[in-house]
Amino acid sequence: MSRFSPSLPVPSVASSYPGGARRAAARWRPGLASQPLHSEIFAPGHQACGVGLALALARDALKAAADSADAARRHVLWVQDRAAIRLGGRPYLHGLPADLRYRVIHVAATSPEDALFAMEEGLKCRDLACVIGEVAGNPRTLDFTASRRLSLAAERAGIALWLVRLDAAPDLSSARMRWRAAAAPSLPPRWNPTAPGAGRWHAELFRARAHLPGEWMLSDDAGALRAERVSPLAASPPDHGDLADGSGARSLAAG
């Protein structure tokens, strides 16, 4: 005999969360008009996949924004701490996408504290299109309080931050979206299979306020972000942070 009466609706997982089934079914895809203003990308320090993915996500978000024409004229603040520069080097002008090549303001910070200060101040400037940050490891100064300050600064001014965490373990954070990135083989170019292909990344969305977790192969196709699902995951409610057990990879993004 069923434990539920036939005359009563059986509660679903989706209906027990705010937004019901519509929110539980939401999955990230390129081109979404509504994007979080504070994202983190965890990547190996010996690869350029972290900042490559950050730039691709930033360009996708800026194109989808309502004020995309205005954002296309504003500058991008790129902040690196000394350890991040040691791992991946400084931005190379001619290696940047053409639409960003002459719009980057680069800040080489001597310490994580200085990098966080520069990012927070940049997020307060409404004349910027967005902020890209690179910090290596898990510096003590990048705790939840510092992360929350970045989130609040981004939300107040409406300026988005993509913070690349090089060789770092996911710790407590207020970032609204958190990715793991790894380099992936490029697809062969259409006209010359022996030429280098466009950038391609294996990206795992493991924490998000409004989207299901998932994995994609992301690539830059003539300035457009393309996504190919890797392995569909079982439907589950959005992750709002493991507030009870285990501090690793926790996020209070739903706060």
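Above this text sits the structure in question.
Caption draft 1: Main features of the packing of aromatic side chains. Following the criterion strictly, the structure yields 4 aromatic pairs and no others. Seen in terms of ring centroids, W28 and W179 are 5.0 Å apart; in terms of plane orientation they differ by 80 degrees. Their pairing is edge-to-face. Of the two residues, W28 sits in the loop between α1 (20-24) and β1 (38-43) while W179 sits in strand β6 (residues 177-183), which places them 151 residues apart along the sequence. Given a relative accessible area of 0%, W179 falls into the buried group. Three or more aromatic residues joined by ring pairs make a cluster, and in this case those are W28, W179 and W216. Here the basic side chain of R180 rests over the ring of F206, its NZ or CZ set 3.9 Å away from the ring centre.

Caption draft 2: Broad picture of the pattern of salt bridges. For the structure on display, the rule yields 10 salt bridges. One salt bridge connects E40 with R165, and the closest N-O pair in it is separated by 3.3 Å. With E40 in strand β1 and R165 in strand β5 (residues 160-166), the pair connects residues that are 125 residues apart, well separated along the chain. Its relative accessible area of 1% is what places E40 among the buried residues.

Cut-offs used in this document
Residues numbered from 1 in each chain as written. Predicted model: local features only at pLDDT ≥ 70, side-chain atom pairs only at ≥ 80, totals over all residues. Heavy atoms only, no water. Phe/Tyr/Trp six-rings, centres within 6.5 Å; stacked < 30°, edge-to-face > 60°. Helix = DSSP H or I, 4+ residues; strand = E, 2+ residues; numbered from the N terminus. Buried < 20%, exposed > 50% of the residue type's maximum accessible area, 1.4 Å probe, protein only. Lys NZ or Arg CZ within 6 Å of the ring centre and 35° of its normal. Salt bridge = Lys/Arg side-chain N within 4 Å of Asp/Glu carboxyl O.

In short, the description is geometric, and any link to function would need to be established separately.
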